[in-house]
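One letter stands for each residue in the lines below.
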Amino acid sequence: TPMNQLSTDVGASSPSGTDELETDPFGVTFMLPERRAKEFDHLAVPAQRFPQTGMSRREWSVKGLPLDFAKEQRGEGDIEAKALPGSDDAPLENTDDGLPPVLKFHRLPGKGLWVDIKRRSRYYRTDWTDAFLPANLSIVVSTILFMLFACLAPALAFGSIYETVTKGQIGIMETLLATGVCGVINAFVSGQPLTIQGPTGPELAYLSMLIGLCGSLNLEFMPAKFWAGLWQSLYTVVYTLLHACSLISKVTRFTEEIFSAMITMIEIVAAGTNIVNVFLGKASIGAKLWTLIIVSLTYVMAVKFRELRTSDWLNANLRKNLSNYGVSITIISLTILSSLLTPVLGIFDLRYLNVPTIIEPTWKDPMTGLARPWIVQAGGYAKPFPTWAIFLMIAPAIGGCLLGYLDQNLTEVLVNRKDRMFKKLPAYHLSNMVVGLVLYPFCAILGLPAPHPATVRSLAHVMAVTSTVTVPLPDGKGTTVRVTGVAEQRVSHLAIHILILICLTAGSVLRYVPQPIIIGIFLYLGIASIRGNQMFDRLFVLLTFERERWPSYYYVQDVDRREMTRFTIYQTVIVCVLVAISRVSQIAIAFPFLMATMIPLRIYVIPRLFSAETIEVLDR
């Protein structure tokens, strides 16, 4: 057969001849796994800006290739296996442009920012023109349409939650305005234009903490947020000039997983809290049950549309388009269904989105019924804002700055991972300076929620502009995906947020969307972000008591079960404690500071609790 002929030719040309071949009971000659791995080495695509290395068991497992074909690589050439987390020789982004490496610490204040500006200025023209290349144009257009709805739905969801948390002082209008304007600004000057700005879980936790602090001290929220925002802006500019962004190179998978899991749990808890509030409220029993039905239908439909991409239904193009626009289809279809059935069922007290029909702030003066001015009155509204409170806002501002630092830089680290195959190097200092110098003051002055790079939406944007090709696995039992190119440009980011700003004029239409649909989308976003977080994967593995049913993850095979259990429980407890603290207003101010301690905790404490072999597998 052709396969026998291929095996014979390979064996004849190899130094060991037939020593690397075996014959099965049916007389078919085949290559041993070691030889076959060599023959298929060309499938392992080396990451750009790093020297080509042999692939370790971990790398093969992550790429979806079977562990049987992996090489045990611990040589000098394997940078990732050699460098320890948090050590001075941990790999930075190597550069070929004559500039210092990305995230390199400089003694001269501001030098890192200057290096980033020089680096990104070399790409700036192509950041715009690359979008119109024949190979990229169709990808960019489809990405704009897909990401518009992928960004609009979370903005509506967070805006609705913000309104509940802040007692009507920040709502959907402010969230859409902040998302659109800050996104447009980032499209022009950000150090990584593929990250998507928007409302995030940490910002929700920060606003919850600040509104609780203001309530306990009898302070007005809007002036307090204004002064906290200006302090936060100052701190961000200072830490950027002092190269604090370089510390993000010390972050490992341990901290990334905890931060990602914390965002997931905050979103899930927020959705659950809203459902409970509906049942504890004064709505009719019909409205309460219909709310639960709509939330459930929203989540199930969003999940089914997402799973449609990998199903056998329809054809590839229809599956892809329906999956891309699944969230939007869910919102539109359930809005129509609810408007048709609620009058028939006699439900007239269902809650809908509180979106102004004109562009004005959500909060209205209870005495006059007029909306507040767009410019926040820093001196107070009903009473003067005390001077001592201006300086008191330093404490929550430090917490907000820490959360913003982690949200900004951890998301960019995930976006800029070397397996994305980017050709244009990122600029962390530039991105942080734009946030501190422009975005934070803008949001503070207008009383808007500060947007941050949204992890899930940013990764979705990266995947949408990435071209891939399907290649066979070495054993012939399936296929894997290889990146062939990425449309690194600013046009899609700019167009997405311009369209979001246009949606501000659609308030009269958005008012027909039932709030339970947005709660369901919020629940979907939280649960969907569980995917890809190894901490949750390990947690689900531990809940599978039959060991023979465990998936063939590299850490399952290479780590003792007791060590993996302890490591996973340790992370889970930290996440639960952080989420619990963020929900208690009396101690919520400590939440961002505890989150920031995860980096030194990983560097100095974890190595004392776990063996080097366990850390190498679970935290690399």
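From a predicted model like this one, the values you see are computed outputs, not experimental measurements.

Draft legend 1. Here's a closer look at the overall build of the chain. Of regular secondary structure, the chain possesses 26 helices and six strands. Taken over 620 residues, the chain has a buried fraction of 54%. Excluding contacts between residues fewer than 6 apart, the proportion of contacts in the chain whose partners are at least 24 apart in sequence is 76%. Put simply, the chain shows about 27,800 Å² of open surface, and 65% of that area lies on carbon and sulfur atoms.

Draft legend 2. Up close: the packing of aromatic side chains. In this structure the tally under the stated criterion is eleven aromatic pairs. For the pair Phe254 and Phe567, a centre-to-centre distance of 5.8 Å together with 70 degrees between the ring planes defines the contact as edge-to-face. Taken together, the residues Phe254 in helix H10 (residues 253-280) and Phe567 in helix H23 (residues 561-583) connect sequence positions 313 residues apart. Residue Phe254 is classed as buried on the basis of its relative accessible area of 0%. Judged by its relative accessible area of 1%, Phe567 is buried.

Draft legend 3. Structural detail: helix H13 (residues 326-345). Over its 20 residues, H13 extends 27 Å from the first C-alpha to the last, a length consistent with the 28 Å expected when each residue adds 1.5 Å. Phi turns positive, to about 75 degrees, at Gly346, one or two residues after H13.

Draft legend 4. Geometry of the packing of helix H9 (residues 221-241) against helix H16 (residues 428-446). Following both chains from N to C, one finds H9 and H16 inclined at 165 degrees, their axes separated by 8 Å at the closest point. In terms of orientation, H9 lies roughly antiparallel with respect to H16. The two elements H9 and H16 cross, and the hand of that crossing is left-handed. Between H9 and H16, the residues in contact are Lys225, Phe226, Gly229, Leu230, Gln232, Ser233, Thr236, Val237, Tyr239, Thr240 and Leu241 and His429, Asn432, Met433, Gly436, Leu437, Tyr440, Pro441, Cys443, Ala444 and Ile445, respectively.

Draft legend 5. A look at the side chain of Thr291. By secondary structure assignment, the location of Thr291 is in helix H11 (residues 285-308). Apart from residues lying up to four places away in sequence, Thr291 is in contact with Val278, Leu350 and Pro516.

Draft legend 6. Broad picture of the packing of H10 against H23. In the contact formed by H10 and H23, the axes pass within 9 Å of each other and the chain directions differ by 45 degrees. As far as their axial angle goes, H23 and H10 are oblique. The two elements H10 and H23 meet at a crossing, and its hand is right-handed. On H23, the residues touching Phe254, Glu257, Ile258, Ala261, Met262, Met265, Ile266, Val269 and Thr273 of H10 are Phe567, Tyr570, Gln571, Ile574, Val575, Leu578, Val579 and Arg583. Among the residues forming the contact of H10 with H23, the class breakdown is 13 nonpolar, two polar and two charged.

Draft legend 7. Representation of a positive patch on the surface. Taken together, Lys104, Lys111, Lys118 and Arg122 make up a surface patch of like positive charges. The residue Lys118 is located in helix H5 (residues 111-129) in this model.

Draft legend 8. Geometry of the confidence of the model for the chain. On average, residues of the chain score 75 in pLDDT, and 78% of them are at 70 or above. Predicted confidence for residues 1-92 stays below pLDDT 50, and this span has 145 contacts to residues more than four positions away or in other chains.

Draft legend 9. Spatial organisation of a nonpolar patch on the surface. A surface patch of nonpolar side chains, about 800 Å² in accessible area, is lined by Ile293, Leu297, Ile332, Ile336, Leu337, Leu340, Leu341, Val344 and Leu345. Of the residues forming the nonpolar patch, the biggest block, seven residues, is contributed by H13. Position of Ile332 among the secondary structure elements: in helix H13.

Draft legend 10. Highlighting unusual backbone geometry. Here the phi dihedral of Lys167 falls at roughly 60 degrees; this positive angle occurs in a residue that is not glycine. By secondary structure assignment, the location of Lys167 is in the loop between helix H6 (134-165) and helix H7 (172-189). Unusually for a residue other than glycine, Asn218 sits at a positive phi of about 60 degrees. In this structure, Asn218 sits in the loop between helix H8 (201-217) and H9. Classification of Asn218 by relative accessible area gives exposed; the value is 56%.

Draft legend 11. Inspection of the pattern of salt bridges at higher detail. Inspection of the entire model under this criterion finds eight salt bridges. Across the pair Arg538 and Glu257 runs a salt bridge whose closest N-O atoms are separated by 2.8 Å. Taken together, the residues span a long stretch of sequence, with Arg538 in helix H21 (residues 534-542) and Glu257 in helix H10 at a distance of 281 residues. When sorted by exposure, Arg538 lands in the same class as Glu257, which is buried. Where salt bridges share partners, they join Arg120, Asp127, Asp130, Lys424 and Arg490 into one cluster.

Draft legend 12. Layout of the nonpolar core. Counting residues in hydrophobic clusters, the biggest one holds 149 residues, and the most contacted among them are Leu176, Leu204, Ile258, Met262, Met393, Phe522 and Met595. Examining the composition of this core, we find that 16 residues originate from one element, H6, more than from any other. Apart from residues no more than four positions distant in its own chain, Ile258 is found in contact with Gln571, Ile574, Val575, Leu578, Met595 and Met598.

Draft legend 13. Region of the structure containing H16. Over its 19 residues, H16 extends 26 Å from the first C-alpha to the last, a length consistent with the 27 Å expected when each residue adds 1.5 Å. The axis of H16 is deflected most strongly, by about 35 degrees, at Val435. Most of H16 sits out of view: 15 of its 19 residues are buried. Gly447 occupies a position one or two residues after H16 and carries a positive phi of about 70 degrees.

Draft legend 14. Local environment of the environment of Ile172. Secondary-structure assignment places Ile172 in helix H7. Here Ile172 falls in the buried class, since its relative accessible area comes to 0%. Taking C-alpha positions, Ile172 is 7.7 Å from Thr362, a pair spaced 190 residues apart along the chain. Discounting residues that sit within four places of it in the chain, Ile172 has contacts with Leu156, Gly159, Ser160, Leu353, Val355 and Thr362.

Criteria and thresholds
Residues numbered from 1 in each chain as written. Predicted model: local features only at pLDDT ≥ 70, side-chain atom pairs only at ≥ 80, totals over all residues. Heavy atoms only, no water. Helix = DSSP H or I, 4+ residues; strand = E, 2+ residues; numbered from the N terminus. Buried < 20%, exposed > 50% of the residue type's maximum accessible area, 1.4 Å probe, protein only. Contact = heavy atoms within 4.5 Å. Areas by Shrake-Rupley, 256 points an atom, 1.4 Å probe, with all protein chains shown as cover. Phe/Tyr/Trp six-rings, centres within 6.5 Å; stacked < 30°, edge-to-face > 60°. Expected span 1.5 Å × (residues − 1). Axes fitted to C-alpha atoms, helices over the stretch in contact; angles between N-to-C directions. Parallel < 35°, antiparallel > 145°, perpendicular 65-115°, else oblique. Left-handed = near helix turned anticlockwise from the far one by under 90°. Nonpolar A, V, L, I, M, F, W, Y, C, P; charged D, E, K, R; others polar. Patch = residues over 30% accessible without salt bridge, like charges linked within 9 Å, V, L, I, M, F, W, Y side chains within 5 Å. Salt bridge = Lys/Arg side-chain N within 4 Å of Asp/Glu carboxyl O. Lys, Arg positive; Asp, Glu negative; His and termini not counted. Charge placed at Lys NZ, Arg CZ, Asp CG, Glu CD. pLDDT = per-residue confidence, 0-100. Core = buried A, V, L, I, M, F, W, Y, C linked by side-chain atoms within 4.5 Å. Bend = angle between axes of the 7 residues up to and from the residue.

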